[in-house]
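Residues per chain are reported as follows:
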Amino acid sequence: MTESASIKDDLAFVRAAAEGSSVHVPAIYLLWAAICLVGFPLVDVVGPGSSWIGIYWTIAGPLGGILTWRLAVQAGRRAGQADRRTGKRWMGHFLAFFGAGLLGMGLIASGQLSWSGVSSLWILLLALTYFLAGLHLERRLMSIGVVLAAGYLVTLYLPEYGATTAGVAVATALVAQAWLGARAAQHAAD
């Protein structure tokens, strides 16, 4: 094998490794599992139109986003994979979810949707957001999107405890992916 062919093979290997690798941060999954385990059932506990739901998510959402960003940056640095462009894609992806959810609140203001309907709408938007993140950013999130879609259907047909059921299901899916991702990372390292 010539030296240029060897260099070409080496570069192809490095590129494939860089494109296929991502840092798995179980703490992010666990953080959002805890946030969802409190926030989703809140709808059933205080009622869909309660201002407590808005207060909770106005605090927990951005705080969770900031903590997620910090955890991801730290993990990326430790792994030597600090990539601002990818970080911006993640941020834009989830900010689009938040923006669409805020626009959905216009349905309440115009009287076209009830408060329980808007709670279900947020879950549906989150299902789409996670599924698309799984499709384009991190495969593990796709299954969480599917669980959220099932949770959305539960909120439609089980109004008394639908949000709680959806919250427990998504928290379980997040914890499972935290564990499965850590296990896969450990196997890859061995």
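Residues numbered from 1 in each chain as written. Predicted model: local features only at pLDDT ≥ 70, side-chain atom pairs only at ≥ 80, totals over all residues. Heavy atoms only, no water.

Draft legend 1. Main features of the overall build of the protein. The number of helices and strands found in the protein is seven helices and zero strands. Along the protein, helices and strands appear, N-terminal first, in the series α-α-α-α-α-α-α. Considering only intrachain contacts with a sequence separation of at least 6, the fraction spanning at least 24 residues in the protein is 66%. Element-wise, carbon and sulfur atoms account for 68% of the exposed surface of the protein, whose accessible area totals about 11800 Å². (Helix = DSSP H or I, 4+ residues; strand = E, 2+ residues; numbered from the N terminus. Contact = heavy atoms within 4.5 Å. Areas by Shrake-Rupley, 256 points an atom, 1.4 Å probe, with all protein chains shown as cover.)

Draft legend 2. A look at the confidence of the model for the protein. On average, residues of the protein score 86 in pLDDT, and 86% of them reach the 70 mark or higher. The spread of mean pLDDT over the elements of the protein runs between helix H1 (residues 3–20), the lowest at 57, and helix H2 (residues 26–46), the highest at 95. (pLDDT = per-residue confidence, 0-100.)

Draft legend 3. Representation of helix H4 (residues 84–109) within the structure. Taking 1.5 Å per residue as the helical rise, H4 with its 26 residues ought to reach 38 Å, and the 37 Å between its terminal C-alpha atoms agrees with that figure. Where H4 is concerned, the buried positions are His93, Phe97, Gly101, Gly104 and Ile108. Downstream of H4 by one or two residues, Gly111 has phi in the positive range, about 80 degrees. (Expected span 1.5 Å × (residues − 1). Buried < 20%, exposed > 50% of the residue type's maximum accessible area, 1.4 Å probe, protein only.)

Draft legend 4. Representation of the side chain of Ser119 within the structure. Here Ser119 lies in helix H5 (residues 115–136). Residue contacts for Ser119: discarding those within four places in its chain leaves Val43 and Pro48.

Draft legend 5. Representation of the layout of surface pockets within the structure. Taken as a whole, the second largest pocket spans an internal volume of roughly 190 Å³. For the second largest pocket, the lining is made up of 13 residues, of which Val43, Asp44, Ser116, Thr155 and Pro159 are closest to its centre. For the lining of the second largest pocket, the secondary structure elements donating two or more residues are H2, H5, helix H6 (140–157) and helix H7 (162–189). Broken down by class, the residue content of the lining of the second largest pocket amounts to six nonpolar, five polar and two charged. (1 Å grid on protein atoms, 1.4 Å probe; cavity = no way out; pocket = protein on both sides within 12 Å on 5 of 7 lines; lining within 4 Å. Points joined across faces, edges and corners; volume = space filled by probe spheres on them. Nonpolar A, V, L, I, M, F, W, Y, C, P; charged D, E, K, R; others polar.)

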